[in-house]
Amino acid sequence: MTATSPQAPPTLDGLLAEHAAARPGADALVLPGPLGFRRVTFAALERRVDAAAGGLLAAGVGPGTRTALLVPPVADFFVLAYALLRVRAVPVVVDPGIGLDRVRACLGEAAPEAFVGVAKAHLARRVLRWCPDAWVAVGAGPVPVPGALSLRRLEREGARRGPFAPVARPTGTPAAILFTSGSTGPPKGVEHHEDGLLAQAGLVRDLYGLGPGDVSLATFPPFALFGPALGMTTVVPRMDPTKPAKVVPARLVRAARRTGATVMFGSPAVLDRLGRGAPAGTRLPTLRQVISAGAPVPRDVQRRVLALLDPGAQVHTPYGATEALPVASVGSDELLDLPDDGICVGRPVPGVDVALVRPTDGPIEELTPDRHVAPGEVGEVVVRGPVVSPAYADRPAATAAAKLRWDGSLAHRMGDLASADAAGRLWFAGRVSHVVHTAGGPLHSVPCEEVLNRHPAVRRTALVGVGPDGDRRPVAVVEMLPGHRLTPVVADELRALAADDARTRSITTLLEHPGLPVDPRHNSKIDREALGRWAAGELA
Ligand SMILES: Nc1ncnc2c1ncn2[C@@H]1O[C@H](COP(=O)(O)OP(=O)(O)OP(=O)(O)O)[C@@H](O)[C@H]1O
């Protein structure tokens with residue numbers, strides 16, 4: 001018996017069971033092992049998931065049990081993630097890359113009843129007193145965890161009990177709580193329901209034409225999770241998933257070539273590493289789709305990756321957030337033909353509606369027509385559709401601040417700004433919290449930065465504001481390409497670029513920074529809050 005029956009609505013773990021029945025011998029996972037890559041078939045993964053589900057339920061982890069899941073993308077991660085879905089528990093996923101203090105805060109807030117992790121996570125739990133109230137501990141990974149039930153033992157117990165009998169999710173409990181990376185304040189736990197997760201997976205499948213037969217090189221664990229449900233072979237390269245910007249390009253190339261990867265997902269930092277660092281002469285002829293999100297993906301980064309691929313292959317840059325993904329998407333075929341005047345994130349994806357509204361402090365209850373900005377103007381992005389998550393876990397104030405009704409349906413404020421062009425494409429204008437409010441009016445981060453990024457010696461820039469609220473002095477913090485400095489000549493050239501564009505005319509203060517700080521998860525979002533404090537110190 002599997003977790004789905006003809007009457008039951010589909011679930012992610014049910015989709016895995018279907019793929020295992022249809023193509024039992026196909027590879028579900030290709031993972032780095034001690035002697036090269038290790039393969040796990042769909043049948044073997046499904047067998048382990050079903051047994052682990054039985055063992056988890058016997059250990060007391062069942063419908064609605066909040067369960068911290070701190071396992072990197074090794075085989076046990078896929079087994080546990082799908083087994084937790086099958087027992088209708090609520091996996092709580094926190095990225096350890098966000099820092100141990102923040103992990104502690106997230107876990108304290110979600111208060112999981114069960115703790116599932118690799119040895120390192122259990123050690124951190126003991127030393128840092130994470131989840132003191134969790135009463136079930138499960139050890140995953142190759143290293144035994146003293147005092148915790150081992151996953152192997154749970155699987156033996158589950159297998160002894162026979163096929164897992166489906167259980168129902170308690171009404172109203174989410175299927176998972178996924179924490180944001182906290183680029184703009186404390187990370188928040190996003191509640192996802194089964195239908196929202198399915199909608200996300202289905203959109204990713206349909207947008208990029210993915211499915212059985214595809215081999216997905218997944219450098220980003222949340223994306224890797226959908227692979228088995230979509231019937232793809234998921235390849236995890238040898239890399240530290242908490243430090244994507246440190247990935248060794250030659251290893252990615254080797255993994256893609258050896259496995260015949262057809263699709264790759266990587267944050268903009270991973271694409272940048274690959275494009276700049278792939279060994280000379282690298283060709284990746286099987287790779288048809290490269291998908292990147294989490295922060296703007298500069299056109300040069302896309303071009304360098306495309307240069308490794310065969311004609312017809314594309315880089316896609318979906319736009320979305322932990323709370324709603326994907327919202328919009330654009331492929332390089334279309335994007336690279338558009339005027340180079342900012343970061344285009346494409347048209348809303350099917351089933352998702354986007355409104356651009358006048359920025360407003362405080363909650364908005366209802367999206368009324370008077371809130372829309374005029375065509376072409378920058379507004380706050382509001383989205384509605386099946387991928388929109390309904391709430392933040394245990395944070396009613398954050399939920400009230402981010403959710404609203406739109407013609408009676410749930411909608412989410414992305415905390416981002418964008419404008420739309422006449423063809424309905426969205427142009428990303430940075431985050432609401434990164435607007436620099438000067439005496440002469442608001443300056444939007446990304447559009448201003450893109451003007452200065454045109455200088456050939458500049459790697460990237462960040463716009464920050466220094467001084468009192470409402471009368472901030474705009475400062476462009478500049479990271480130069482290797483071998484270049486912000487000399488007086490370059491500074492004059494940058495000021496000339498700024499003076500030439502209405503959006504950047506008031507930017508005259510420039511500071512050089514050796515390496516802009518970025519977020520821990522994607523290593524791609526510039527930490528403008530930290531840079532603002534740094535710039536204030538430099539100018540004091
Ligand atoms: N294709 C893209 N282009 C530009 N920016 C993007 C793109 N995709 C995502 N983003 C940015 O990433 C944000 C979503 O990031 P994520 O869900 O990881 O949480 P976070 O914003 O880092 O955390 P927090 O909400 O706690 O500050 C979006 O709101 C947007 O600002």
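All values reported here derive from a predicted model rather than from experimental measurement.

A. Quick peek at the site of the ligand. Around the ligand, a shell composed of 27 residues is seen, among which T180, S183, T184, A321 and T322 lie nearest. Elements with a contribution of two residues or more to the shell around the ligand: β15 (319–321), β17 (343–348), β22 (409–420) and β23 (426–431). Grouping the constituent residues of the shell around the ligand by class yields 11 nonpolar, 11 polar and five charged.

B. Focus on the packing of helix α1 (residues 12–22) against helix α3 (residues 75–86). In the contact formed by α1 and α3, the axes pass within 8 Å of each other and the chain directions differ by 115°. Of the residues in α3, those in contact with L12, D13 and L16 of α1 are Y82, L85 and R86. Across the contact of α1 with α3, the residue classes break down as four nonpolar, no polar and two charged.

C. Expanded view of the UniProt feature "domain: AMP-dependent synthetase/ligase" (unreviewed entry) in the protein chain. Taking the numbering used here, the UniProt-annotated feature "domain: AMP-dependent synthetase/ligase" (unreviewed entry) corresponds to residues 17–392. Secondary structure content for residues 17–392 is 33% helix and 23% strand, and the end C-alpha separation is 30 Å.

D. Representation of the sheet that holds strand β27 (residues 473–480) within the structure. Strand order in the open sheet formed by three strands is β26-β27-β28, with mixed pairing between adjacent strands. The open sheet has two free edges, formed respectively by β26 (458–466) and β28 (509–512), since each of these has just one partner strand. Each neighbouring strand pair of the sheet contributes to a mean axis angle of 30°, computed without reference to strand direction. Note: β26 against β27, eight bridges, orientation antiparallel. Across the sheet, residue G465 finds its bridge partner in β27, namely P474. With respect to the sheet, helix α16 (residues 528–539) is in contact with β26, β27 and β28, its orientation differing from that of β26 by roughly 75°.

E. Geometry of unusual backbone geometry. Cis geometry marks the peptide bond from L325 to P326; its omega dihedral reads -10°. As for its position among the elements, P326 is in strand β16 (residues 324–329). Unusually for a residue other than glycine, D394 sits at a positive phi of about 60°. Mapped onto the secondary structure, D394 falls in the loop between β20 (391–392) and α13 (396–402). Judged by local crowding, D394 falls into the partly exposed class, with 14 C-beta atoms found within 10 Å.

F. Representation of the sheet that holds strand β11 (residues 233–235). The mixed open sheet is built from seven strands, whose spatial order is β2-β1-β11-β10-β12-β13-β14. Looking at which strands have only one partner, the edges of the open sheet turn out to be β2 (36–41) and β14 (314–316). Direction aside, neighbouring strands of the sheet carry axes that sit 20° apart on average. As paired strands, strand β1 (residues 27–33) and β11 are joined by two bridges and run parallel to one another.

G. Molecular detail of the pairing of strand β8 (residues 176–179). Residues A176 and L178 of β8 are buried on one face, and the alternating residues I177 and F179, pointing to the opposite face, are buried as well. Inspection of the sheet shows strand β4 (residues 90–93) paired to β8 by two bridges, in the parallel sense. Paired with V92 across the two strands is I177, which belongs to β8. In this sheet, strand β9 (residues 189–192) lies alongside β8 in antiparallel orientation, the contact comprising four bridges.

H. Structural detail: the domain arrangement of the protein chain. The domains assigned to the protein chain are domain 1 (24–192), domain 2 (199–272 + 284–317), domain 3 (344–431) and domain 4 (435–539). The C-alpha-based centres of domain 2 and domain 4 are spaced at 30 Å. Counting residues at the interface gives eight residues for domain 2, matched by five residues for domain 4. Looking at the side of domain 2 that touches domain 4 residue by residue, the class counts come to six nonpolar, two polar and no charged.

I. Region of interest: the packing of helix α10 (residues 268–277) against helix α11 (residues 299–306). Direction vectors running N to C along α10 and α11 enclose 50°, while the axes themselves pass 8 Å from each other. Between α10 and α11, the interaxial angle falls into the category oblique. When the axes of α10 and α11 are compared, the crossing they make is left-handed. Taken together, the residues of α11 that come into contact with α10 (itself represented by P268, L271, D272, L274, G275 and R276) are V301, R304 and V305. Classifying every residue of the contact of α10 with α11 gives five nonpolar, one polar and three charged.

J. Fine view of the nonpolar core. Ranked by size, the top nonpolar core spans 147 residues in total, and within it A52, L69, V79, L80, A83 and V383 carry the most contacts. Considering every element that reaches this core, the biggest residue donor is α3, with 10 residues. Those residues in contact with L80 that lie beyond four places of it in its chain are A52, L69, V71, V116, A140 and L151. Core analysis: the second largest hydrophobic core is formed by 22 residues, V436, A462, V475 and A535 among them.

K. Quick peek at the pairing of strand β18 (residues 353–357). Summarising burial for β18: four of the five residues are buried, a large majority. Where β18 lies against strand β19 (residues 379–384), five bridges are found, and the strand directions are antiparallel. Considered in β19, the bridge of V354 is made with V383.

L. Region of interest: α10. Of all 10 residues making up α10, eight are buried, and the element is well covered by its neighbours. Among the residues of α10, those classed as buried are P268, A269, V270, L271, D272, R273, L274 and G275. On its buried side, α10 packs onto α9 (249–259), β13 (289–291) and α11.

Conventions used here
Residues numbered from 1 in each chain as written. Predicted model: local features only at pLDDT ≥ 70, side-chain atom pairs only at ≥ 80, totals over all residues. Near = placed C-beta within 6 Å. Helix = DSSP H or I, 4+ residues; strand = E, 2+ residues; numbered from the N terminus. Nonpolar A, V, L, I, M, F, W, Y, C, P; charged D, E, K, R; others polar. Axes fitted to C-alpha atoms, helices over the stretch in contact; angles between N-to-C directions. Contact = placed C-beta atoms within 7 Å. UniProt positions renumbered as here; feature names shortened; annotations may be inferred. Pairing = 2+ DSSP bridges. Buried ≥ 20, exposed ≤ 12 C-beta atoms within 10 Å, placed from the backbone. Domains from an automatic or database assignment. Parallel < 35°, antiparallel > 145°, perpendicular 65-115°, else oblique. Left-handed = near helix turned anticlockwise from the far one by under 90°. Core = buried A, V, L, I, M, F, W, Y, C linked by C-beta atoms within 7 Å.

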